[in-house]
Every structure is written in C-alpha cells, then in structure tokens.
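Close look at the chain arrangement
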Amino acid sequence: AAAQEPNDRKMASAEQLVLDLCDRELRENALLELSKKREIFQDLAPLLWHSFGTIAALLQEIVSIYPALSPPTLSPGASNRVCNALALLQCVASHPDTRLPFLHAHVPLFLYPFLNTFSKTRPFEYLRLTSLGVIGALVKVDDTEVISFLLQTEIIPLCLRTMEMGSELSKTVATFIVQKILLDDIGLRYVCATAERFYAVGSVLGNMVISLADQPSTRLLKHIIRCYLRLSDNPRACVALHNCLPDMLKDGTFNVSLRDDPATRRWLQQLLHNVTVGGMGGPGMG
Amino acid sequence: SLPNMLNQYAPPLRLPPNSMVEDDKVALIMPDQVSPSQTPSPSPALFTLSQLIAAIPCADIYFRINEKLSSLGSLQYSKIMDVALDKAIKEIIGPVIQRSVTIATRTTKELIIKDLAMESDDSAVSRAAHLMVGTLAGSLAHVTSKEPLRVALSSHLRSLIQNLNNNSESTEQIVHILINDNLDLGCALIETVATRKAIEMIDGEIKQPLSQLRRQKELLGSGYYDAFPYTQGLARVPDALRPKPAGLLCATQQRVYEDFITVWHSQSSQNAGATTSATAMAVAQGNSSVPRLYSPNLVQPADLVPEEPDHGTTQVLSVSAQFGTSDTFSQVAGTTSITSVFPSMSSDDV
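Just so it is clear, the model here is predicted, and its values are computed rather than measured. (Residues numbered from 1 in each chain as written. Chains lettered and ligands numbered in written order. Predicted model: local features only at pLDDT ≥ 70, side-chain atom pairs only at ≥ 80, totals over all residues. Heavy atoms only, no water.)

A count of helical and extended segments in chain B gives 13 helices and zero strands. Along chain B, from the amino end to the carboxyl end, the secondary structure elements read α-α-α-α-α-α-α-α-α-α-α-α-α. For chain B, contacts bridging at least 24 residues in sequence account for 81% of all contacts bridging at least 6. As displayed, chain B offers around 15600 Å² of accessible surface, 55% of which is attributable to carbon and sulfur atoms. (Helix = DSSP H or I, 4+ residues; strand = E, 2+ residues; numbered from the N terminus. Contact = heavy atoms within 4.5 Å. Areas by Shrake-Rupley, 256 points an atom, 1.4 Å probe, with all protein chains shown as cover.)

Structure follows, in structure tokens:
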C-alpha cells in the first residue's frame, strides 16, 4: 500500500495536491495551492468530490473553526485557511456533475453558522463573503431543487443579515442570492406569502437604496432593482410597493450611476411602470 | 401558464408527512429562529424530550462561580445556575438536537457511502461513520445552541436572582458574569447529547444503502463504475485517489476519518469534567473492541485522552475576559423580528 504513495514532490499536480489534503501536515499548503489554481486545473470539482476522504477533510477544516465564532476570536490566518477550503467547495458547488451530490449531502448547511456571525472585522467579513460565494455558486444555475433546499433551510434571514451589515461586496452577493431565489416561482411565492416576510425583504432593500445615495455601487443597485422588479410580478406585493418603494428610485437620484447600464435602466422603468399601473387596485399586503 | 408551472414544482414539496423530506423541512430550521413559545413542530420529532434529557452526562457538573459574586455565596450561585441551566436546556434542546443530528446523519451517510463502498469490513465502516457523525453533530449542536441558550439562560437567571435581590442593576451584572463563565459548559452538555444520539442512529442509516451498493458491485463487476451516481464520476479519478478497501489506501488516507477525533475540541468540555471530546468518548465506550483498520498506528482507548488536558479552561477564561458579550445581546434582540417571520416552508407556501 505504502509503495503506491507518490514520492516525487516536484509533481505538484492537482492529483498530488488533492492527496495532500488528507494529510494534516500538508493540508494548509495544499488548500492554498489548489484554491489559487482552481481555475486552471481541469475538472477539479469531480476530483475533489470523488476522491477518498477529501470532502471529509474539508469538513474538518470547517468545524474546527466553530469555536472561534463566538466570542469572535477568528485570526486572519485561520480565516484565510478556512476560506481556501470554502473556495474548493465553491468549485464543487459550481460544477454540473457535483452540484447535486454536494447538495444532497447537506454540506452547505455547515456554512450557515458562518453567516450567523456579527463581527465586522476582516477575518469575519472575508468568511461571510466566501461562504456566500458557495451559496451563490449553487444558485447561479436555475434549479428549483436548489431553491427549495435553500428556502427550507432558512437562507433568507441569513442573507438579509448580510444585506444589512455586510461590506459592499458581500451585500452584492447576498442580494444576488435573494434575487435568484425570487426569480424562481417558489421563491417569489414564499417571500410574498405573508406581509411580514414581504416587508422584511422590502425594508432591507429600501435601507440599501438609501445607503447607496452616499456610497454608490452600480452592481449592487442593479441587483436591488432586479429584486424589486421581480417582487412587482406578485400582484399583492405590487400594490404594497406602490406605497413603500423608496423615493430615490423614482426621482432620478441614480440617473448618473445607471448612465452606462441600459439593461438596469430598462428594469427600473419597467418597475416604475408596474408599480404605477398594478399598484392602483386590488388587495395589498396586510 | 403560471398555475401549471407551479404544479410542476409542487410534488417534491408535498411528500407524505413521514418522508425524509418532510422531516428535513422542520429539522433544518436554525434553532435560534424557533422561539420556545412557538407552536410545536408538526413533523414527528426524532427524539422525545425525555430521551434527550436522559442522554445528558450525569457526572457531577462544576459551575464556575466568580469570586466577585460574594453577595449570596458560591454554593447558592451554583444552585441557581443548576436550576436555570436545567430549565434553559430543556427549552432549547429539542430543535437543536433534531437539526444537528439530521444534518450530520445525512452528510455522514452520503460521504461514507461514497468513500467506503469498497470496504468489506463492517466494523471499519461503522467506526469511520461514528467518528464523523459524532463530531459533525456535536460541533454543529454546540455552535448553534450558543445564542438560544444564552437568551434562555439569561431570562431564567434574571428571574431567579431577582427573587433574592432587589437591586436590578447588580442583577444584570450577576447574570452577565454567570453566563460568561458557564455558557460553554451548557453548550458542551448539549453537544454531548447530539453526539450520542447521532452515533446511535448512523448505523441504521447506512446499512441498507451500503449493502445495496455492494450487491450491485458483485452483480455488475467492472460495469459497476458506470452504473450509479456514486460511482460514475470515479472514471475520471486517478487510481491513487479512488476509494479502496483500507489495506490499499495510503497511510494519510487511512488517517482521515480518524482525524475527526481530534479536529473538534470543544473548549469547554473540560469544564464539564470531561477530559476528551464527546465523540472520542462515545466511540471509545461503544466500540472499544473494534479492530481499528483505519488506524494501524493509532489508537487505544487510553490514547483518546488529549495531550493537554488543561489548556481549554485557561483559554476560555482569557477569551471571555477580552470579549464582552454585550454586543451579541443587542444583536440578537435586533434580528429576532426578521428571522421569526421566515419559518421553514409550509404547505401553504406552495
């Protein structure tokens, strides 16, 4: 058995690095190298998923930092290390052949405690951003099974938290996830099923719009507008938006930011049209 | 049309109430999003409350009572902690254990089947599964119980102490100190229950799918690799990385599942009088005679005791001195309203 172990350290191929993940002495370096090169290694995701013990090793990296979450004691080095492990899981979440096995094994749920943290220090901000990256990779391809899983496991409150307190980048990823959930019919119905749910999402979106006036971000604005536009597809939500859509979206505040983004400008026009026309009659949110 | 599209989505969410999917729906809710006062979950619970209480370690529990707390005497404070912790744990333990055991069991089942389908030694499969599921369930239960336990514990401590002490300002201070010093102990107790319950369940979960896979392997011979989702992707994996019987794996691969013993050291299990991780204890108790094929150079039960039995206690002390918990208090209060309106999907949502 031991004779099969490759001895040539110069052969730092993807295969050797994946094998190194099983070795606690070599794991930190292998995580770094693999996550750096994950774009250039062909088919890294199936290699990570199907190789013996690799996902188990990555899960060990995840649970080993749970004690540093509360009280918040996560060091920059430990954050980097676990984020490299998360980058490899993002690779697994992105690949069409491994996405569903990854979901069926419930691996994403071990990331939820990271999204439930509140510290605004860099190690935590980076941890939340990278964790959202894994969820973002799952929703990138439209798949109702993924959306159902995320709704059943309560991802929306965790996204809303990041949309309230995260950096611009993690706000953008969290809003993107909410947008993808809303674009699925199940997701739209779920969020619009009660007035409380709708207003929870609506008020977080509204607060982000207000903060964008001070700190513009075109990419974040784009996802916010897309979320609002999708909400306006639901008749009751559309009536509610008639009253609660932020004025800044109506009064041209963002004309300059959207100058070079015709697609988002059209979405905004469509949103304002929907809210004006559809918002006139019918029962609104409670 | 829209209604037709929705019908397409409906079936997977309307399975009969005893199916795994229905159980998962309720079980996967984050426990801090379930307030104890809410209506009980409609799905059958995996465990009854008395089963869970019975699994709490019954060794003597020593609370840490700060010297500053002199007004009532440390014996009195220990009694108060005991009553408050007992009540608080009973309130939150159900959903926490249900969720962490459900998730850990599913993850372990899928990964063990993926990695150990070629292993013919059942005791080796079982040991790897126990180590993994115990650590995953325990660590998940510990981390998710912390905030709900803090909230429940502080309300019970507050009312118990107020009965003995009219000065409300010092009551808050006392509650704060007691929680800071003893919260991790409570989490460690819940962790132990999760570990034990998950280990009890896992063999039953993997037995059937694993034997099915083995039967197919005998029937199909080399065609086996093309036949299943578990094995299809293996065609692209080089031989050195493929799952094999333990004897054919390299040394580091053989160690991976053993590493679950040491990867998670609850900082506070020392507090609870335990000198090692809940998983190591539970597995050592249950399986002490099992041949350890995955660890030729490890592990006798005596070796399961970690090398530095004392570092946890001091670490917890210095950590809690540096980081007050007041931030977390207000944050929890501020977010409850949002989380409580997003329960798990119910059939109304479909």
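Turning next to the packing of aromatic side chains. For the coordinates displayed, the defined rule picks out four aromatic pairs over all chains. Each ring, one from Phe198(A) and one from Tyr199(A), has its centre 5.1 Å from the other, and the planes form 75°; the classification is edge-to-face. Assessed through its relative accessible area of 0%, Phe198(A) is described here as buried. You can call Tyr199(A) partly exposed: its relative accessible area is 35%. Ring pairing ties together the aromatic residues Phe52(A), Tyr257(B) and Phe260(B), which thus form one cluster. Stacked on the ring of Tyr190(A), the Lys or Arg Arg197(A) has its end atom at 4.2 Å from the ring centre. Geometry around Trp267(A) places Arg226(A) over its ring, the cationic atom sitting 5.1 Å from the centre. (Phe/Tyr/Trp six-rings, centres within 6.5 Å; stacked < 30°, edge-to-face > 60°. Buried < 20%, exposed > 50% of the residue type's maximum accessible area, 1.4 Å probe, protein only. Lys NZ or Arg CZ within 6 Å of the ring centre and 35° of its normal.)

Here we come to the nonpolar core. Of all hydrophobic cores here, the largest spans 177 residues; its most connected members are Tyr66(A), Ile155(A), Leu231(A), Leu249(A), Leu157(B) and Tyr257(B). Residue contacts for Leu249(A): discarding those within four places in its chain leaves Val209(A), Leu221(A), Ile225(A), Tyr228(A), Phe254(A), Leu268(A), Leu271(A) and Leu272(A). (Core = buried A, V, L, I, M, F, W, Y, C linked by side-chain atoms within 4.5 Å.)

All names here are of chain A. At a closest axis distance of 11 Å, the pairing of helix α13 (residues 195-214) and helix α14 (residues 218-231) adopts a crossing angle of 150°. When the axes of α13 and α14 are compared, the crossing they make is left-handed. Contact residues: Phe198, Val201, Gly202, Leu205, Gly206, Met208, Val209 and Leu212 in α13; Leu220, Leu221, Ile224, Cys227, Tyr228 and Leu231 in α14. Here the contact of α13 with α14 is built from residues that sort into twelve nonpolar, two polar and no charged. (Axes fitted to C-alpha atoms, helices over the stretch in contact; angles between N-to-C directions. Left-handed = near helix turned anticlockwise from the far one by under 90°. Nonpolar A, V, L, I, M, F, W, Y, C, P; charged D, E, K, R; others polar.)

What follows is about the pattern of salt bridges. Residue and element names in this part refer to chain A. Under the definition given, this model contains 21 salt bridges over all chains. Across the salt bridge formed by Asp247 and Lys250, the nearest N and O atoms sit 3.9 Å from each other. By relative accessible area, Asp247 is classed as exposed at 55%. By relative accessible area, Lys250 is classed as partly exposed at 41%. Members of the salt-bridge network, linked through shared partners, are Arg27, Glu28, Glu61 and Arg81. (Salt bridge = Lys/Arg side-chain N within 4 Å of Asp/Glu carboxyl O.)

As a further point, take unusual backbone geometry. All names here are of chain A. Between Ser70 and Pro71 the backbone carries a cis peptide bond, its omega angle lying at -5°. Structurally, Pro71 can be placed in the loop between α4 (54-64) and α5 (76-94). In this structure, Asp43 is a non-glycine residue whose phi angle is positive, near 55°. For Asp43, a relative accessible area of 38% corresponds to the partly exposed category.

This part is about the confidence of the model for chain B. Interpretation of the predicted coordinates at a detailed level should be avoided for regions scoring low in pLDDT. All names here are of chain B. The share of residues in chain B with pLDDT of 70 or more is 57%, and the mean pLDDT across the chain is 70. This model gives residues 1-26 a pLDDT under 50, and the stretch forms 41 contacts once residues within four places in sequence are excluded. A low-confidence stretch, residues 267-276 stays under pLDDT 50, and its non-local contacts, those more than four residues away or across chains, total 29 contacts. Confidence estimates for the predicted assembly give a pTM of 0.81 and an ipTM of 0.92. (pLDDT = per-residue confidence, 0-100.)

All names here are of chain B. At a minimum axis separation of 5 Å, helix α4 (residues 74-116) and helix α5 (residues 122-164) run at an interaxial angle of 155°. Between α4 and α5, the angle is such that the two are roughly antiparallel. For the crossing formed where α4 meets α5, the hand is right-handed. Residue classes in the contact of α4 with α5 are distributed as 32 nonpolar, eight polar and three charged. (Parallel < 35°, antiparallel > 145°, perpendicular 65-115°, else oblique.)

On to the environment of Leu129(A). Residues and elements named next belong to chain A. Mapping Leu129 onto the fold places it in helix α8 (residues 122-140). Sequence separation of Leu129 and Val173 is 44 residues, and the distance between their C-alpha atoms is 7.6 Å. Once residues within four sequence positions are removed from consideration, Leu129 is found in contact with Leu169, Ser170 and Val173.

This part is about the state of the cysteines. Residue and element names in this part refer to chain A. Scanning the model with the defined rule gives zero disulfides over all chains in all. The structure places no disulfide on Cys91, whose sulfur is separated from the nearest cysteine sulfur, that of Cys83, by 16 Å. Overall, Cys91 belongs to the buried group, its relative accessible area being 16%. As a non-bridged cysteine, Cys227 has Cys159 as the owner of its nearest cysteine sulfur, 9.9 Å distant. The exposure class assigned to Cys227 is buried, which follows from its relative accessible area of 0%. (Disulfide = S-S within 2.5 Å.)

Attention now goes to helix α10 (residues 155-165) of chain A. Taking burial as the measure, the eleven residues of α10(A) include ten buried ones, the bulk of the element. Along α10(A), the positions that sit buried rather than exposed are Ile155(A), Ile156(A), Pro157(A), Leu158(A), Cys159(A), Leu160(A), Arg161(A), Thr162(A), Met163(A) and Met165(A).

Residue and element names in this part refer to chain A. For helix α15 (residues 235-244), the complete set of buried residues consists of Ala237, Cys238, Val239, Ala240 and Leu241. Of the surrounding elements, those touching the buried residues of α15 are α12 (185-192), α13, α14 and α16 (262-278). For α15, the capping residue at the N-terminal end is Asn234, with a side-chain oxygen 3.1 Å from the backbone nitrogen of Arg236. (Polar contact = N/O pair within 3.5 Å; in protein donor to acceptor, adjacent residues only side chain to side chain.)

Moving on, we come to the environment of Trp49(A). All names here are of chain A. Its place among the elements puts Trp49 in helix α3 (residues 44-50). Given the relative accessible area of 5%, Trp49 is considered buried. Along the chain, Trp49 and Pro101 lie 52 residues apart, while their C-alpha atoms are 8.7 Å from each other.

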